[in-house]
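Here's the letter readout for the chains.
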Amino acid sequence: MKKFFMFLAVAGVNAFTAATVFAQEATGLDALTAAAPEVPLTQALKTKFIEGGAGFMSLVIICLILGLALAIERILYLSFSKTNAKKLVAKVEKALEEGGIEAAKDVCRNTRGPVASIFYQGLLRYDQGIDVVEKTIVSYGSVQMSNMENGLSWISLFIAIAPSLGFLGTVIGMIQAFDAIQAAGDISPNVVAGGMKVALITTVGGLIVAMILQVFYNYILAKIDAITIDMEDSSICLIDALTKYNK
């Protein structure tokens, strides 16, 4: 996990450098290109990036990159953790009937996912009684839940930081607008347009990043809830199977 966060840090630095170069290349846009009736999407985004301020927009993009990296890592982890719980329970019950506890352990040992891990930990303590097995399943289930939720706090942090950076850019843009008004001694659209544009673009950028990350965050929570339900239902089935085997 430390290597992964080191990778994210390097990726963030590279993203900030790329955004700065991106901003420098875009400063050469002329008025004719900006006034063209049909502007390519990439060119329009580049222009808005510069108008919003390379510094704040770079920070917003870094939040997007790091948040997406964490979200993709969690989605892959949860996808590999998903197993057919009903099929696993059926295999464990069949193994108990044919080979006993050791055969059931082998089935769980050869199956990936948190459900199989919980089953295996419970079967390891079968000789201590059903009550101990049940407590072990509950305790180890909490551990698996923590593993599945690992990294979500960072995603939620980026969801909160992105619009905050946008609002900070808004405040700075408004300050620039008032400074321009004070310097000109007059309130006119041309005087305040620059600062207002910075304010609006940074706000829009931060809100868009937050909405994108929020969609991934909710999707991850939905996958965790689905796996948790499978864990709880399967654990009850395992306790019933062990009780039946004990009799």
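Refer to the structure above for everything that follows.
The sections below set out a description of the structure shown in this document. (Residues numbered from 1 in each chain as written. Predicted model: local features only at pLDDT ≥ 70, side-chain atom pairs only at ≥ 80, totals over all residues. Heavy atoms only, no water.)

### Details of the packing of helix 5 (residues 85–109) against helix 6 (residues 114–124)
The N-to-C vectors of helix 5 and helix 6 enclose an angle of 40 degrees; their axes lie 11 Å apart at closest approach. Of the possible angle classes, the one that applies to helix 5 and helix 6 is oblique. At the point where helix 5 passes helix 6, the crossing takes the right-handed sense. Residue-level inspection shows L88, V89, V92, I101, A104, K105, C108 and R109 of helix 5 in contact with helix 6, the latter providing V115, A116, F119, Y120, L123 and L124. (Axes fitted to C-alpha atoms, helices over the stretch in contact; angles between N-to-C directions. Helix = DSSP H or I, 4+ residues; strand = E, 2+ residues; numbered from the N terminus. Parallel < 35°, antiparallel > 145°, perpendicular 65-115°, else oblique. Left-handed = near helix turned anticlockwise from the far one by under 90°. Contact = heavy atoms within 4.5 Å.)

### Some details on the pattern of salt bridges
Evaluation of the coordinates by the stated rule reveals four salt bridges. For R74, the salt bridge is made with E73, and the minimal N-O distance between the two is 2.9 Å. Each member of the pair, R74 as well as E73, carries the same accessibility label: buried. Its salt-bridge partner being K105, residue E102 comes within 3.5 Å of it at the nearest N-O pair. With E102 and K105 both in helix 5 and three residues apart, the pair spans about one turn of that helix. We classify K105 as buried; its relative accessible area is 11%. (Salt bridge = Lys/Arg side-chain N within 4 Å of Asp/Glu carboxyl O. Buried < 20%, exposed > 50% of the residue type's maximum accessible area, 1.4 Å probe, protein only.)

Function-wise, these values are silent; they only describe arrangement.
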